[in-house]
Amino acid sequence: MINKKDYKNYTKTHAPKSRVIKNTFLAFLVGGAICTLGELIKTLLSKYINDEKALSSAVSISLIFIACLATALGFYDSIAKHAGAGTLVPITGFANAMISPALDNKAEGFILGVGAKMFTIAGPVIVYGTVASVVYGVIYWITTLF
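Residues numbered from 1 in each chain as written. Predicted model: local features only at pLDDT ≥ 70, side-chain atom pairs only at ≥ 80, totals over all residues. Heavy atoms only, no water.

Caption draft 1: Summary view of the environment of Ile-99. Secondary-structure assignment places Ile-99 in helix 6 (residues 91–104). Placed 27 residues apart in sequence, Ile-99 and Ala-72 show a C-alpha to C-alpha distance of 7.8 Å. When sequence neighbours within four positions are dropped, the list of residues in contact with Ile-99 reads Cys-68 and Thr-71. (Helix = DSSP H or I, 4+ residues; strand = E, 2+ residues; numbered from the N terminus. Contact = heavy atoms within 4.5 Å.)

Caption draft 2: Representation of helix 4 (residues 76–83) in the model. When helix 4 is considered as a whole, its buried residues turn out to be Tyr-76, Ala-80 and Ala-83. Down the axis, helix 4 shows its buried residues gathered within 75° of arc, on one side only. Residues of helix 4 that are exposed and point over 90 degrees away from its buried face: Lys-81 and His-82. Buried-residue contacts for helix 4 involve helix 2 (20–45), helix 3 (52–73), helix 5 (85–88) and helix 6. Following helix 4 by one or two positions, Gly-84 adopts a phi angle in the positive range, close to 60°. (Buried < 20%, exposed > 50% of the residue type's maximum accessible area, 1.4 Å probe, protein only. Arc of directions from axis to C-beta.)

Take a look at the structure:
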C-alpha cells in the first residue's frame, strides 16, 4: 500500500509541469480577441441599428453564430485546446458547450441525439444560473422591503 507522502512524490515527478504564465497569456489574448471581435461587430452594426438593446442583442447573436459555425467546422476546439479559458469564458464558450454534444450525437437522430444531448454540458449551467438568480432576486427583494 502506498502512503500519502510517497503518492505526493510520485505525482510530483510524473505529472506534467503547469505552464501558468503561457496559459494565462494565451487565455488573455484569445479572450481579448473574441471581445475585440464583438466590439468590431458592434461598431459595424451600429450604422444600421440605433437601439442600444437591439444592438447588444445583435452582437451576442452574431458571436453565438460565429462560435457555432467554428465548432461545426471543427476549428473552435483546436483554438480552445491552446487558449483554454480564453475561449470558455465569453458567450462563445457557452455556445460551443451547447453545440458540441449536439454535433457529436447527431447520428442518433434529432430527438434522442441532438435534442437530448444538447444540454449535457450546458444544462447544469442553466439550472444553477437560474436557481442562483432566483435566490439573489429573493434576497434583493427582502433587503429592499425595509
